[in-house]
Amino acid sequence: MTQITRLVLQRLALGFVTLLIVSVLIFWSVELLPGDAAQEILGQSATPETVTALRHHLGLDQPPMTRYAHWLQGITHGDFGTSIANGRPVLQLITGRLGNTLFLAAFAGIIAVPLALMLGIMAALLRNSFFDRAAGIFTLTAISFPEFFVAYILTLFLSVKLGLFPSISNITPSTDLAERVYRSFLPALALTLAITAHIMRMTRAALINLFSLPYIEMARLKGASPGRVVMVHALRNALAPIVNVVVLNLAYLITGVVIVEVVFVYPGVGRLLVDSVSKRDLPVVQAICLIVSITYILLNLFADIVSIVSNPRLMHAK
Amino acid sequence: MTTLTRTLKGMPPTAVFGVAIITIYVLVAIFAPMLAPYSERAVVGGQYLQWSAEHWLGTDNLGRDMLSRLIFGARNTLAIAFFATALAFAIGTVAGLLAATLGGMVDQALSRFVDIIMAVPGLIFILLLLTIFGTGVGTLIAVIAILDSTRVFRLARAVALGIVAMDFVEAARVRGEGLLWIMRREILPNAAAPLVAEFGMRFCFVFLTIASLSFLGLGIQPPLADWGSMVRENATLITFGDITPLLPAAAIALITVAVNFVVDWILHKVSGIKD
C-alpha cells in the first residue's frame, strides 16, 4: 500500500467516525429537552395518561440505544420521522426545498469560485499595487457586512430602483430553468459577494506565502515568464490550500444561504429550518441539521483528500 | 506616554478610522438614555412615519421612534455580543490552558470534544440548540459562548503549549506552585497578546451571528431594540425605496468593519507579518 492510499483511507475512516458521532450528538440533543418530546407535542393538554400513550407511540419508552439504532435505520431508508407542526413526513417537506437550495448554492459557486480565484491571483501578482490595496480594503469591508445588508442593498438598487430583477424569488417546481435563473439571480449574487471576498483573500495569502519560497525565486532567476511561474510552478503547490479555501466557502454557502433565503423568500431548506426552529419542530430541525452537517463533513473530507493526493512530496515513495 | 503617541502616529488611516468608530459606538451605548429623544419601547406616533423634525428617522412598524431604537439598539446589541464573547473567552481560555498544562488524558478528551463540535457548521448547531432550549437573551448568550469557546480553546491551547515548555514554567513547578497559580501567573500573561487580537475577531463574529439570529427572529427578542430585528421588522419599506431599514444594517456593518480594521492592524504589529 502506498503512502497516499494509506493516508486517504485513514482520512476516510476518520470522516466516517465523525459522521457517526455527529449523528449521535444530533440525536441526543433531544434528550436535553426539559421533559421530553411527548410532553412538548401535547403541551398544555398533557395528562399523565396521554403522555404515557404518546411516549409509547413514539417509542420513547424504549432504551436510548434502541431508539438511536431505530432512528439511524429509518434515516438510511429515507425516513426522517414526521413533523410535529403539521404531521407530514419530514422527507416530503425537505426534498423539493433541498433541490432549490442546492441550485442556489451551485449558482453562486459557479460565479464566485472562478471570479475569486482570478482576482486572488491578480492581487498576489500585483502585490502592494493600487489594485491590491483597493481589493484588500474592499474585501475586508465585504466580509464585515451581514448577509442581509448586502441582500437588501441589492434589492434596493437592482430591484426597486432599476426594476431589473424580482425582489422575491417565487420558484415553484414547474418553473423552467431560464426563469429559475432569472428569479434566483439576486439571492445568488448576494451569496457570490459574500464568498468571493473570502476566497480571494485566502487565495492571495496562499500564493504570497509560496512566492517567498526559494524554488519560485529559482524559477524567476532562470528566466521563466511570470505567467509560467504562476501557472506551472506556484499553482501546483498552491492547489491544496486553494481547494481547501474553496471547499470551506462552499460549506459556508450552506449556512449563508439561510439568511439570503429568508430575505428573498426563496423556497429552500434554510427558510424551512428557520420556520421550524421558531415552531420548535424538532424532527424537521434534526433532519436538516443532519443533512447540512453531513454535507459539511463530506466537503471537508473531500478537501483533505485533495490536499493529500495533490501534495507533490507524497508522489514518490521514500 | 511617548510610546503611546508613537504608536498612534504609526497607525494606518484604516486603524484610526476603526478606533474612532468604536469610541463613538461605545459612547452612544453608554449614554443611550440621554441621547435618545424617546424611549425604545414607547409608541410615539403612526406607523412608518416619514423622516421629520420630530422623528428624525421616522417611526417603525409599530410607531416607535426609529432614531431612539437605533441608539438603544447600540446598547443592547453591543452589550449582548460583548458578554457572549467575554464568556466564550473565559471558558475557552481556562479549558485551553488546562489542556496545555495538564496534557495527557485531559488534553485528549477536551481536544477531541472540540473537534466534534467544530465538525458541525456553527449556525446550524446554534439553531439546533435554540430549538431545544427556546429563544431568549440568556440562552442566546450561553449557546453562542459555549460554541464559540471551541475556537478560543484551540488558540489558547496552541499558544500555551509553546509556553508550557519554557524553563520558567518548569521552575515554577519545581518550586511547588499550584496548577492555578502557574496558569494565571506564568502562562496567561505570556499568552495575552494573541488572545487580545483574537478577542476582536471573535467579537465581530459573535456580533454578526447575533445580528443574523435577531434578523431571523431567533435572537434578541422584542420589545428590546436591536439592529438585526429592526431590519426584519421594517424590511417592507425597502420595496418602496425607503432606506430607513438599511440604517441599522449599516450600523452593524460599520462597527464590524471598524473592529476588523483595528484587529488587522494589531495582528500586523504583533506578528510582524508585513501582509
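Conventions we followed
- Residues numbered from 1 in each chain as written.
- Chains lettered and ligands numbered in written order.
- Predicted model: local features only at pLDDT ≥ 70, side-chain atom pairs only at ≥ 80, totals over all residues.
- Heavy atoms only, no water.
- Helix = DSSP H or I, 4+ residues; strand = E, 2+ residues; numbered from the N terminus.
- Buried < 20%, exposed > 50% of the residue type's maximum accessible area, 1.4 Å probe, protein only.
- Contact = heavy atoms within 4.5 Å.
- Areas by Shrake-Rupley, 256 points an atom, 1.4 Å probe, with all protein chains shown as cover.
- Lys, Arg positive; Asp, Glu negative; His and termini not counted.
- Charge placed at Lys NZ, Arg CZ, Asp CG, Glu CD.
- Patch = residues over 30% accessible without salt bridge, like charges linked within 9 Å, V, L, I, M, F, W, Y side chains within 5 Å.
- Salt bridge = Lys/Arg side-chain N within 4 Å of Asp/Glu carboxyl O.
- Buried area = accessible area lost by both parts, 1.4 Å probe.
- Polar contact = N/O pair within 3.5 Å; in protein donor to acceptor, adjacent residues only side chain to side chain.
- pLDDT = per-residue confidence, 0-100.
- Phe/Tyr/Trp six-rings, centres within 6.5 Å; stacked < 30°, edge-to-face > 60°.
- Lys NZ or Arg CZ within 6 Å of the ring centre and 35° of its normal.
- Expected span 1.5 Å × (residues − 1).
- Bend = angle between axes of the 7 residues up to and from the residue.
- Axes fitted to C-alpha atoms, helices over the stretch in contact; angles between N-to-C directions.
- Parallel < 35°, antiparallel > 145°, perpendicular 65-115°, else oblique.
- Left-handed = near helix turned anticlockwise from the far one by under 90°.

Engineer: Describe the overall build of chain A, listing the residues and the values that go with them.
Structural biologist: Looking only at helices and strands, one finds 13 helices and zero strands in chain A. Secondary structure elements of chain A occur, N-terminal to C-terminal, as α-α-α-α-α-α-α-α-α-α-α-α-α. With the principal axes as the frame, chain A shows a C-alpha extent of 85 × 60 × 35 Å. Per-residue burial over chain A gives 46% buried out of 318 residues. In chain A, of all internal contacts separated by at least 6 residues, the share reaching a separation of at least 24 is 72%. Summing over all exposed atoms, chain A offers an accessible surface of approximately 16,000 Å²; the carbon and sulfur share of this is 68%. Separation of charge centres in chain A, based on 22 positive and 15 negative side chains, amounts to 17 Å.

Engineer: Go over the overall build of chain B with me, naming the residues and quoting the values.
Structural biologist: When helices and strands are tallied, chain B shows eleven helices and zero strands. Counting from the amino terminus, chain B carries its helices and strands in the arrangement α-α-α-α-α-α-α-α-α-α-α. Seen through its C-alpha atoms, chain B measures out along the principal axes to roughly 70 × 50 × 30 Å. Burial analysis of chain B (275 residues in total) assigns 51% to the buried set. Long-range contacts, defined here as pairs at least 24 residues apart, represent 69% of the contacts in chain B between residues at least 6 apart. Carbon and sulfur atoms make up 70% of the accessible area of chain B, which amounts to about 12,400 Å² in all. Across chain B, the centroid of the 18 positively charged side chains sits 6 Å from that of the 17 negatively charged ones.

Engineer: So what about a nonpolar patch on the surface? Which residues, and what values?
Structural biologist: All names here are of chain B. The grouping of Val26, Leu27, Ile30, Phe31, Met34 and Leu35 at the surface amounts to a nonpolar patch, some 580 Å² of accessible area in total. Where the nonpolar patch is concerned, the elements lending two or more residues are α2 (13–30) and α3 (32–35). The element that contributes the greatest number of residues to the nonpolar patch is α2, accounting for three residues. Residue position: Leu27 is located in helix α2. Leu27 sits in the partly exposed class, given a relative accessible area of 43%.

Engineer: Lay out the side chain of A:Thr155 with the relevant residues and their values.
Structural biologist: All names here are of chain A. In this fold, Thr155 is placed in helix α7 (residues 147–161). Judged by relative accessible area, Thr155 falls into the buried class, the value being 4%. Those residues in contact with Thr155, other than ones at most four positions away along the chain, are Val160, Ser167, Leu186 and Phe264.

Engineer: I'd love a proper account of the interface of chain B and chain A, names of residues and values included.
Structural biologist: Taken together, the contact pairs 41 residues of chain B with 50 residues of chain A. Both sides of the chain B and chain A interface together cover about 3,800 Å² of buried area, and 81% of this is carbon and sulfur. At the junction of chain B and chain A, the tally comes to zero salt bridges. At the junction of chain B and chain A, the tally comes to two residue pairs in polar contact (both at pLDDT 80 or more). Going through the elements one at a time, α5 (104–118), α6 (122–133), α9 (179–215), α10 (227–233) and α11 (246–271) of chain B are the ones with two or more residues in the side of chain B that touches chain A. Per-element tally for the side of chain B that touches chain A: the top contributor is α11(B), with ten residues.

Engineer: I'd love a proper account of the confidence of the model for chain A, names of residues and values included.
Structural biologist: Mean pLDDT over chain A stands at 83; residues scoring 70 or higher make up 94%. Considering each helix and strand of chain A separately, the mean pLDDT is smallest for helix α2 (residues 37–42) of chain A, with a value of 69, and largest for helix α5 (residues 90–125) of chain A, with 90.

Engineer: Outline the packing of aromatic side chains, supporting the account with residue identities and numerical values.
Structural biologist: As enumerated under the stated definition, the model contains 18 aromatic pairs over all chains in all. For the pair A:Tyr152 and B:Phe215, a centre-to-centre distance of 6.1 Å together with 75° between the ring planes defines the contact as edge-to-face. Here A:Tyr152, found in helix α7, pairs with B:Phe215, found in helix α9, and the two come from separate chains. Each member of the pair, A:Tyr152 together with B:Phe215, is buried. One aromatic cluster is present, built from ring pairs that chain together A:Phe103, A:Phe107, A:Phe165, A:Tyr182 and A:Phe185. Over the ring of A:Phe103 we find A:Arg180, and its NZ or CZ is 5.7 Å from the ring centre. Across the ring face of A:Phe211, the terminal group of A:Arg220 is positioned such that the distance to the ring centre comes to 5.6 Å.

Engineer: Any details on α5(A)? Residues and values, ideally.
Structural biologist: Across its 36 residues, α5(A) extends 50 Å between first and last C-alpha, which sits within 8% of the 52 Å expected from 1.5 Å per residue. Of all the bends in α5(A), the largest measures some 25° and sits at A:Arg97.

Engineer: Before we move on, can you summarise the packing of helix α1 (residues 3–28) of chain A against helix α13 (residues 282–309) of chain A with the specific residues and values?
Structural biologist: Residue and element names in this part refer to chain A. Where α1 meets α13, the axes come as close as 10 Å, and the angle between the chain directions of the two elements is 165°. Considering their axes alone, α1 and α13 lie roughly antiparallel with respect to each other. Pair α1 / α13 crosses with right-handed handedness. In contact with Ile4, Leu7, Val8, Arg11, Leu12, Gly15, Thr18, Leu19, Val22, Ser23, Ile26 and Phe27 of α1, α13 contributes Gln286, Cys289, Leu290, Ser293, Ile294, Ile297, Leu301, Asp304, Ile305, Ile308 and Val309.

Engineer: If you had to explain α6(B) to someone new, which residues and values would you point to?
Structural biologist: Residues and elements named next belong to chain B. For α6, with twelve residues, the first-to-last C-alpha span of 16 Å sits near the 16 Å given by 1.5 Å per residue. With ten of twelve residues buried, α6 is to be regarded as a mostly interior element. Restricting attention to buried positions, one finds in α6 the residues Leu123, Ile124, Phe125, Ile126, Leu127, Leu128, Leu129, Leu130, Thr131 and Ile132. Trailing α6 by a residue or two, Gly134 shows a phi angle of about 80°, which is positive.

Engineer: Please give an account of the pattern of salt bridges that cites residues and values.
Structural biologist: A side chain of one charge can pair with a side chain of the opposite charge if their charged atoms are brought near each other. Residues and elements named next belong to chain B. The tally for this structure, following the rule as stated, stands at 13 salt bridges over all chains. A salt bridge links Asp60 to Arg64; the nearest nitrogen and oxygen atoms lie 3.0 Å apart. Among the residues examined, Asp60 registers a relative accessible area of 1% and is labelled buried. Judged by relative accessible area, which is 6%, Arg64 ranks as buried. A single salt-bridge network, built from bridges that share partners, covers Asp60, Arg64, Arg69 and Glu233.

Engineer: Please set out the environment of B:Thr244 residue by residue, giving values where relevant.
Structural biologist: Residues and elements named next belong to chain B. Examined against the element boundaries, Thr244 turns out to sit in the loop between α10 and α11. Of the residues examined, Thr244 reaches a relative accessible area of 3% and is grouped as buried. In this structure the C-alpha to C-alpha distance between Thr244 and Gly200, which are 44 residues apart in sequence, comes to 29 Å. Dropping the residues within four chain positions of it, Thr244 is found in contact with Trp51, Leu57 and Met66. Within polar-contact distance, the side chain of Thr244 engages the side chain of Asp242 at 2.5 Å.

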